[in-house]
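Listed here are the chains, written in short residue letters.
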Amino acid sequence: MSTNQWKVHHPTGRFRVVVTRNLPGEGWLRILQQADCRVEICLSPEGLSKQEILAALGKACDAAIGQLTETWDADLFAALKTAGGRVYGNYAVGFNNVDLAAATRNGIAVGNTPGVLTEATAELAVALTLAAARRLGESERFLRSGKFSGWQPDLFLGELLWRKTLGVVGAGRIGSTYARMLVQGHEMNLIYYSPRSNPELEAEVTAFGEYLKARGREPVTCRRAAHLDELLQTADVVSLHTILNAETRHLINARCLSLMKPDAVLVNTSRGPVIDETALVAHCRTHPNFRVGLDVFENEPELAAGLAQLENVVLVPHIASATRWTREGMAVLTACNVAAILQNHGVWPEADIRPFLSENPPQAAPSILNARELNVKK
Ligand code: DGY
């Protein structure tokens, strides 16, 4: 292990924890050190290959903290188990990079970080929605390149969101927070498509509709679509908030795109492969009024051929959770997951993880994905 690429904290700690990339803030390190962990952090900005992670785990390792850009497969979990490992902390809420079944087979608990990304991700989805609808990317490029010669009646005409129909695919925490922001802020009617109904969201939109009605304004509406096609045909804005699995890979393909309104806005802050990116490029080329906002890409960090050249697409580099508070919070939750498992504490029984962000976080793991399978107590 080369010393200039790695930093070791609390070298005499009882538990050896390998961290494949440095994390923001100091709180997470404090938590691990208080749990008597020797923390070895890879400082290389390029990250580690699978072989390098295997080498870093070595012969004795109690826990690892890794990134969504790494594929934590059966080989890595077998190596972690052989090294004596008991827990892997994924520094993300999404876990499509983790072979959960393999982790479980090897008796490795897997932690993730729900609860601190909700508002940040929803806000970025709103930002992309507005940027795409109002053509911010292309108008900024136009201005910066010196083409702006003064106000014109038809310069960069875009789409008004107010009172239009919002389509949310996946009404979990992030999807429903995004929906609230646009329904309450822009009085949009909501249609959502989700495996489970969300009565809380429906009640909230209905109550907001009543509030508007009581003031003599047209109420907003909310309904759950029976089929994705229905949502795609109806919505002026479609925002994706689903997890990535075999069923949602290429959920939005050429057929789906052809069902959407020609001037609709499509936003993706979930995972890139939910959209068939090649089909999206083809659709955007033939539908110049169709607008897109993307935070995630099918083969990150690569972009499908032609995507970066499209004027009707706004692109940002997977930054939906990139607020300091969120990223430091994710680091704290990851550390708490690892520390709790190493110290044989149970899993936090509540959905609200905010107590973990206090000075004295609870002695529990905020979120262990395979807790039930591994019989980790609550
Ligand atoms: C996650 O945590 O899954 C996000 O994609 C990180 O921004």
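What counts as what
Residues numbered from 1 in each chain as written. Predicted model: local features only at pLDDT ≥ 70, side-chain atom pairs only at ≥ 80, totals over all residues. Helix = DSSP H or I, 4+ residues; strand = E, 2+ residues; numbered from the N terminus. Rg over C-alpha atoms; globule rule 2.2 N^0.38 Å. Buried ≥ 20, exposed ≤ 12 C-beta atoms within 10 Å, placed from the backbone. Near = placed C-beta within 6 Å. Nonpolar A, V, L, I, M, F, W, Y, C, P; charged D, E, K, R; others polar. Domains from an automatic or database assignment. Contact = placed C-beta atoms within 7 Å. Expected span 1.5 Å × (residues − 1). Axes fitted to C-alpha atoms, helices over the stretch in contact; angles between N-to-C directions. Parallel < 35°, antiparallel > 145°, perpendicular 65-115°, else oblique. pLDDT = per-residue confidence, 0-100. Pairing = 2+ DSSP bridges. Right-handed = clockwise from strand over helix to strand, strands pointing away. Left-handed = near helix turned anticlockwise from the far one by under 90°.

### What about the overall build of the protein chain?
Inference 1: Broken down by element type, the protein chain carries 12 helices and 13 strands.
Inference 2: Relative to the globule expectation of 21 Å for 378 residues, the C-alpha radius of gyration of the protein chain, 23 Å, shows essentially globular dimensions.
Inference 3: Seen along its three principal axes, the alpha-carbon backbone of the protein chain occupies a region of about 70 × 50 × 35 Å.
Inference 4: Looking at the protein chain as a whole, 41% of its 378 residues are labelled buried.

### Structural notes on the site of the ligand
Inference 1: The ligand sits among Leu68, Ala92, Val93, Gly94, Leu117, Ala320 and Ser321.
Inference 2: In terms of residue class, the shell around the ligand is made up of five nonpolar, two polar and no charged.

### Some words on the domain arrangement of the protein chain
Inference 1: In terms of domains, the protein chain is made up of domain 1 (6-116 + 322-357) and domain 2 (118-315).
Inference 2: Using only C-alpha atoms to locate each centre, domain 1 and domain 2 end up separated by 33 Å.
Inference 3: Across the boundary between the two partners, domain 1 contributes five residues, which contact six residues of domain 2.
Inference 4: The class makeup of the residues in the side of domain 1 that touches domain 2 is no nonpolar, five polar and no charged.

### Digging into helix H12 (residues 324-342)
Inference 1: Compared with an ideal rise of 1.5 Å per residue, which puts 19 residues at 27 Å, H12 spans 27 Å between its outermost C-alpha atoms and is within 8% of the ideal.
Inference 2: Burial analysis of H12 places 15 of its 19 residues in the buried class, the great majority of the element.
Inference 3: In the segment just after H12, Asn344 is the residue with positive phi, at about 60°.

### Overview of the packing of helix H7 (residues 173-186) against helix H8 (residues 199-214)
Inference 1: One way to put it is that H7 packs onto H8 with a least axis distance of 11 Å and a crossing angle of 5°. Regarding the angle of H7 to H8, the classification is roughly parallel. Mapping the contact onto sequence places Ser176, Ala179, Arg180, Val183 and Gln184 in H7 and Leu201, Glu204, Val205 and Phe208 in H8.
Inference 2: Per-class residue counts for the contact of H7 with H8 are five nonpolar, two polar and two charged.

### Here we look at unusual backbone geometry
Inference 1: A cis amide bond links Glu300 with the next residue in sequence, Pro301, at an omega value of 5°.
Inference 2: In this structure, Asn344 takes a positive phi of about 60° despite not being glycine.
Inference 3: Topologically, Asn344 is positioned in the segment after H12.

### Digging into the confidence of the model for the protein chain
Inference 1: Here the protein chain averages 97 in pLDDT, while 99% of its residues score no lower than 70.
Inference 2: Across the protein chain, strand E10 (residues 237-240) holds the top mean pLDDT of 99, while strand E1 (residues 6-9) sits lowest at 97.

### Section: the pairing of strand E4 (residues 63-66)
Note on strand geometry: in a regular strand, side chains alternate between the two faces of the sheet.
Inference 1: Residues Ala63 and Ile65 of E4 are buried on one face, and the alternating residues Ala64 and Gly66, pointing to the opposite face, are buried as well.
Inference 2: Direction of pairing for strand E2 (residues 15-19) relative to E4: parallel, over a ladder of three bridges. Note that in E4 the partner of Val19 across the bridge is Ile65.
Inference 3: Judged from the four bridges that link them, E4 and strand E5 (residues 87-90) form a sheet pairing that is parallel. Residue pairing in the sheet places Ala63 in a bridge with Val87 of E5.
Inference 4: Handedness of the crossover joining E4 and E5 through helix H3 (residues 74-82): right-handed.

### Structural notes on the sheet that holds strand E3 (residues 37-42)
Inference 1: A sheet is described by the order of its strands in space; here six strands give the open sequence E1-E3-E2-E4-E5-E6, paired in mixed fashion. The two strands at the open ends of the sheet, each matched to only one other strand, are E1 and strand E6 (109-111). Direction aside, neighbouring strands of the sheet carry axes that sit 15° apart on average.
Inference 2: Helix-sheet contacts for helix H1 (residues 27-34) involve E1, E2 and E3, and the interaxial angle to E3 is about 145°.

### Quick notes on the packing of H1 against H12
Inference 1: Contact geometry for H1 and H12: axes closest at 8 Å, N-to-C directions at 10°. On the basis of the axis angle, H1 is roughly parallel to H12. For the element pair H1 and H12, the recorded crossing hand is right-handed. When H1 is examined against H12, the residues Gly27, Trp28, Ile31 and Leu32 are found in contact with a partner set consisting of Glu328, Ala331, Val332, Thr334, Ala335, Cys336, Val338 and Ala339.
Inference 2: Taken together, the residues of the contact of H1 with H12 sort by class into nine nonpolar, two polar and one charged.

### Some remarks on the sheet that holds strand E11 (residues 265-268)
Inference 1: Pairing in this open sheet of seven strands is parallel, and the strands run E9-E8-E7-E10-E11-E12-E13 from one edge to the other. Unpaired on one side and paired on the other, strand E9 (222-224) and strand E13 (313-315) mark the two borders of the sheet. Strand-to-strand twist across the sheet, computed as the mean angle between neighbouring axes with direction ignored, equals 15°.

### Considering the pairing of E3
Inference 1: Summarising the sheet, E1 and E3 pair through four bridges and their orientation is antiparallel. Residue Lys7 lies in a different strand from E3, and its bridge partner there is Ile41.
Inference 2: Bridge analysis of E2 against E3 gives five bridges, and the strand direction is parallel. Looking across to E3, one finds that Val17 is bridged to Val39.
Inference 3: This β-α-β element, E2 to H1 to E3, shows right-handed connectivity.

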